[in-house]
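Each chain, letter by letter, is given below.
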Amino acid sequence: MKYRDEKEFHPLLIYVISLSWSVGWVFIQCYLLYQREIEILRKLPRTSGTVWQSVLSSPATLAMGRFGLLVFLVHLAFAFLNASIFQTLFASRLQPRQQVVALLGQLLLATLTLSLCAAWLFPGSLMGDQLALVLMRLSNQVVAGVLVVAVMAALSAWLWIKWQQSGRVRVTIVSIAMACLLPGWSPWKSVRGESARGPDVIVIGVDSLRPDHLARNGAPFTVMPNLERLLDQSVVFTDTLSTQPHTFPSTVSILTGQWPVTNGARGNLFSPQLVDRQQSVAHRFAEAGYETVFAMDETRFANIDTTYGFNEVLSPEFGVAEMAIGLVGDNVLTNLLSLHPVALWLMPEIYGNRAISQVYRPDSFSRRLRNGIDDLSEDKPVFLYVHFCAGHWPYELPHLYQKDRFDAMKTGAFSDTKSGYLRALGTADLQVQDLLQSLQEAGRLENSVITVLSDHGEDFDLQKDLWPEGAINVPGGIVHGHGGSAIRSSQVSVMLAISSRGDNGLGSGISQVSASLVDVAPTLHSLAGLSAQAASYEGHILLGEEREDVGIDRVRFVESSYFPGSLRKSTIEEAAVLRDMAEMYRLGADGRVVVKDAWVPYQIENRQRAAYLGDWVMMTSGESDEDLVLINRVSRQGWRADQAPAAPIEVLTRAWCEHWKVDEVAEQYCQASS
């Protein structure tokens, strides 16, 4: 027979072809990624030379090398698995000259199937970009489903045959299965009881949450039912202002109880050396015997670490390595691997990282939290600060296979809000519920003080947020997102609610006092039974035995961040933002990205500054040639300070000048006005 006379196809060639295919697949994905991210990659902060010279000469080298090795190993496993399946199931049934074609066909189908799965699960990823239109058609979804079934059938058949062939193979298969299934999973839930320790202090932050988008505040939809149930049990402060509508400076104000001009956190990615981290309330709790834990699922711009007084930080890695891996790490196999808990150790920069939005999975961060809560000491109370960033831009995309119910929720005055934002808040709400359940099972809610807050709002330039015809233009212009305004309520008005469980319950209700995020630290310090009077807080104690009489006649301060023109748009282009701001940042020796010292005064000078007193606001836009203006928050009318009607001009001017006297531009203005 001719078949017997033909030269046999060497089994080693099967593995060589599979490996070559796998390597080619990696290079194709890297090329497509490079073409998509080339402009952003060129603008990454650096020390000297090229971007890659800077990255490779920094501590990021180890992280990049580890991730590169992981990519190689998972593709090596893909190649080996395909070769073994082909050799076991098909090779003996084909003539040698047919084997190459059949093997290539198998590799193509396996690659296409995994790529379709990645596009399906991660619509914002590279494969989502490439295959989204394909998967939008029902017929193509059916084809994709058939491919998945076929691949799973082949894999199952291979496992069964290998299981039958060798005892060693059985042990290997069982070991791999246990490694795949056991991490992060347990059939039992251990519920702990209440102990004699002090009250657990829990802070739950929801990034970008606008209070007006809650049903309790008049919104025509309910996207956060779990959070609203918690608010029903809390004292809710209906007039609370952020200190600065960006996550890092507002979070530092929450922790220190100080205004940004005092604690030094004047903007995102300011050098740690400029921030007075020792004033963090976490240090006070640690000194009192508390276990202190911080968790945030986005650390690219909010670099909160253990130096703020936390024993443990349950957050993704941050620095230039995280940025670089976030740009080049969009790979089909690693994206699928990120679904598994083992990715927490294999890919710490990616796992549960909201900054890498294209592959972010909310349940990954929740799993990280559950593990951290389970590891808490039962003998110590905990100060736990958790911040969920699901509500932050870029907003969550709908699944390719689902109709999006959030579009139908936009009605009335909210008809022009963003469905992606509503979807993101819904995701954050599920995370809040999962956190509360984990705390309940760990016995951390029976005797606790729980604070719910947002760091800033989110500005969509909604019709209902516009100023009336003829009113003074908001200094600095209309901006979208957050961080660019010290006056727009959609950015600076935030959620603040506090509840207590145990012997000293605070009850529930509404408080209309003039609150600020600087009030959180002293209030929690006091409610935990630790006297806050002697601490260097600038905020007030809002509740409890040491409660201060704040009222509505208190002057509060809000400043914006530096805001480039590329961010004054409804659609953000990351490359354009980097073009505007890349030269302002440098790469530190520790791999951390920070604002260059030379650019710090420029960023501080170019911002809005606003002093609030009741319904009145005195502010500047940050432009040195513009005068102070008075704005009425209720009527949204504005006047030059020297032309304003009956208003507390002298009080606001004195407070404004005293607060920002450390800023050169404010000092010059106040000297001129006096």
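Residues numbered from 1 in each chain as written. Predicted model: local features only at pLDDT ≥ 70, side-chain atom pairs only at ≥ 80, totals over all residues. Heavy atoms only, no water.

Q: Mind laying out the overall build of the chain, listing which residues take part and the relevant values?
A: The number of helices and strands found in the chain is 23 helices and 18 strands. Considering the chain as a whole, with its 674 residues, one finds that 54% of them fall into the buried category. Contacts in the chain between residues far apart in sequence, at least 24 positions, make up 71% of those at least 6 positions apart. (Helix = DSSP H or I, 4+ residues; strand = E, 2+ residues; numbered from the N terminus. Buried < 20%, exposed > 50% of the residue type's maximum accessible area, 1.4 Å probe, protein only. Contact = heavy atoms within 4.5 Å.)

Q: Which residues make up the sheet that holds strand β12 (residues 555-559), and what are the values?
A: Strand order across the open sheet formed by five strands is β12-β15-β16-β17-β18, with antiparallel pairing between neighbours. If you trace the sheet from one side to the other, it starts and ends with β12 and β18 (637-640), each paired once. When strand polarity is set aside, the average angle formed by the axes of neighbouring strands in this sheet is 20°. Both β12 and strand β15 (residues 609-613) contribute to a ladder of five bridges, which runs antiparallel. Opposite Glu 559, over in β15, you have Arg 609 as the bridge partner. (Pairing = 2+ DSSP bridges. Axes fitted to C-alpha atoms, helices over the stretch in contact; angles between N-to-C directions.)

Q: I'd like to hear about the packing of aromatic side chains, residue by residue, with values.
A: According to the stated counting rule, one finds 19 aromatic pairs in the structure shown. Ring plane angle 90° and centroid distance 5.4 Å describe the contact between Trp 259 and Phe 557, whose orientation is recorded as edge-to-face. On the criterion of sequence distance, the pair formed by Trp 259 in the loop between α10 (247-256) and α11 (260-263) and Phe 557 in strand β12 is long-range, its members being 298 residues apart. According to the relative accessible area criterion, Phe 557 is buried, its value standing at 11%. Centre to centre, the rings of Trp 599 and Tyr 602 are 5.3 Å apart; their planes meet at 85°, and the pair counts as edge-to-face. A connected cluster of aromatic rings, assembled from ring pairs, spans Phe 285, Tyr 290, Phe 294, Phe 310, Phe 383 and Tyr 385. (Phe/Tyr/Trp six-rings, centres within 6.5 Å; stacked < 30°, edge-to-face > 60°.)

Q: Explain the sheet that holds strand β1 (residues 200-206) residue by residue, including any values.
A: On the basis of which strands lie adjacent, the open sheet formed by eight strands has the order β5-β4-β6-β1-β7-β9-β2-β10 and mixed pairing. Each having just a single partner strand, β5 (312-313) and β10 (509-511) make up the two edges of the open sheet. Here strand β2 (residues 235-237) runs beside strand β9 (residues 496-501); their pairing, made up of two bridges, is antiparallel. Bridged to Val 236 within β9 is Ala 497. Sheet strands touched by helix α16 (residues 362-374): β4 (291-296) and β6 (382-388). Its angle to β6, the strand with the most contacts, is close to 175°.

Q: Tell me about the pattern of salt bridges, residues and numbers included.
A: Per the counting criterion, the structure on display carries 21 salt bridges. The salt bridge partner of Glu 322 is Arg 300, with a shortest N-O separation of 2.7 Å. Of this pair, Glu 322 sits in helix α13 (residues 320-328) while Arg 300 is found in the loop between β4 and β5, placing the two residues 22 residues apart along the sequence. The pair Glu 322 / Arg 300 is uniform in exposure class, with both members buried. Through salt bridges with shared partners, one network takes in Arg 266, Glu 559, Arg 607, Arg 609 and Asp 663. (Salt bridge = Lys/Arg side-chain N within 4 Å of Asp/Glu carboxyl O.)

Q: Give a detailed account of the pairing of β18, specifying residues and quantitative values.
A: Where strand β17 (residues 629-632) lies against β18, four bridges are found, and the strand directions are antiparallel. Within β18, the position partnered with Val 629 by the bridge is Arg 640. In this structure, the hairpin formed by β17 and β18 is closed by a connection of four residues, where Arg 636 is found at a positive phi of approximately 60°.

Q: A description of the state of the cysteines should follow, citing residues and the corresponding values.
A: Defined simply, a disulfide is a covalent bond joining two cysteines at their sulfur atoms. Evaluation of the coordinates by the stated rule reveals one disulfide. Across the disulfide, Cys 657 is cross-linked to Cys 670 (sulfur-sulfur distance 2.0 Å). The sign of the -95° torsion about the S-S bond sets the Cys 657-Cys 670 disulfide as left-handed. One end of the pair, Cys 657, is in helix α22 (residues 649-659); the other, Cys 670, is in helix α23 (residues 664-673), with 13 residues separating them in the sequence. Judged by relative accessible area, which is 13%, Cys 670 ranks as buried. (Disulfide = S-S within 2.5 Å.)

Q: How would you explain the pairing of β12 if you had to name every residue and give the values?
A: Counting buried positions along β12 gives five out of five residues, so the element sits mostly inside the fold. Here β12 shows two buried faces, one formed by Val 555, Phe 557 and Glu 559 and the other by Arg 556 and Val 558.

Q: An account of the environment of Leu 453 is requested, with residue identities and associated values reported.
A: Summarising the element assignment, Leu 453 is placed in strand β7 (residues 448-453). Relative accessible area serves as the criterion here: at 0%, Leu 453 is assigned to the buried category. For the pair Leu 453 and Ala 497, spaced 44 residues apart in the sequence, the C-alpha separation amounts to 6.5 Å. Sequence-distant contacts of Leu 453, defined by excluding residues within four places in its chain, comprise Val 203, Ile 204, Gly 205, Val 206, Ile 254, Tyr 385, Met 495, Leu 496 and Val 520.

Q: For α13, give the residues involved together with the corresponding values.
A: Burial runs high along α13: eight of the nine residues are buried. The complete set of buried residues in α13 reads Val 320, Ala 321, Glu 322, Met 323, Ala 324, Ile 325, Gly 326 and Leu 327.

Q: Requested: an account of the packing of α16 against helix α17 (residues 419-441), with residues and values cited.
A: In the contact formed by α16 and α17, the axes pass within 10 Å of each other and the chain directions differ by 20°. In terms of their interaxial angle, α16 and α17 are classed as roughly parallel. As for how α16 packs across α17, the hand of that crossing is right-handed. For the pair α16 and α17, contact is made by Pro 362, Phe 365, Ser 366, Leu 369, Arg 370 and Ile 373 and by Thr 427, Gln 431, Asp 434, Leu 435, Ser 438 and Leu 439, respectively. Residue composition of the contact of α16 with α17, grouped by class: six nonpolar, four polar and two charged. (Parallel < 35°, antiparallel > 145°, perpendicular 65-115°, else oblique. Left-handed = near helix turned anticlockwise from the far one by under 90°. Nonpolar A, V, L, I, M, F, W, Y, C, P; charged D, E, K, R; others polar.)

Q: A description of the side chain of Ser 514 should follow, citing residues and the corresponding values.
A: Here Ser 514 is to be found in the loop between β10 and β11 (515-516). Take Ser 514: its relative accessible area is 1%, and that puts it in the buried class.

Q: So what's going on with the confidence of the model for the chain? Residues and values would help.
A: For the chain, the mean per-residue pLDDT works out to 84, and 83% of the residues sit at or above 70. The model gives residues 1-6 a pLDDT under 50, and that stretch makes seven contacts with residues more than four places away or in other chains. (pLDDT = per-residue confidence, 0-100.)

Q: Explain α16 residue by residue, including any values.
A: Each full turn of the α-helix corresponds to 3.6 residues, which orients residues three or four apart in the same direction. Helix length check: α16 (13 residues) gives 19 Å between terminal C-alpha atoms against 18 Å at 1.5 Å per residue, within 8%. Considering only its buried residues, α16 is in contact with β4, α15 (343-346), β6 and α17. (Expected span 1.5 Å × (residues − 1).)

Q: Describe the side chain of Ser 22, naming the residues involved and giving the relevant values.
A: Relative to the helices and strands, Ser 22 resides in helix α2 (residues 11-42). Looking at Ser 22, its side chain comes within polar contact range of the main-chain oxygen of His 75, at 2.8 Å. Dropping the residues within four chain positions of it, Ser 22 is found in contact with His 75, Phe 78 and Ala 79. (Polar contact = N/O pair within 3.5 Å; in protein donor to acceptor, adjacent residues only side chain to side chain.)

Q: Please provide a residue-by-residue account of unusual backbone geometry, values included.
A: Of all residues except glycine, most have a negative phi; of all peptide bonds, most are trans. Cis rather than trans, the peptide bond between Trp 393 and Pro 394 has omega equal to -5°. Considering the arrangement of structural elements, one finds Pro 394 in the loop between β6 and α17. A positive phi angle, close to 65°, is found at Ser 208, a residue other than glycine. Tracing the sequence through the fold places Ser 208 in the loop between β1 and α9 (225-231). Its relative accessible area of 0% is what places Ser 208 among the buried residues.

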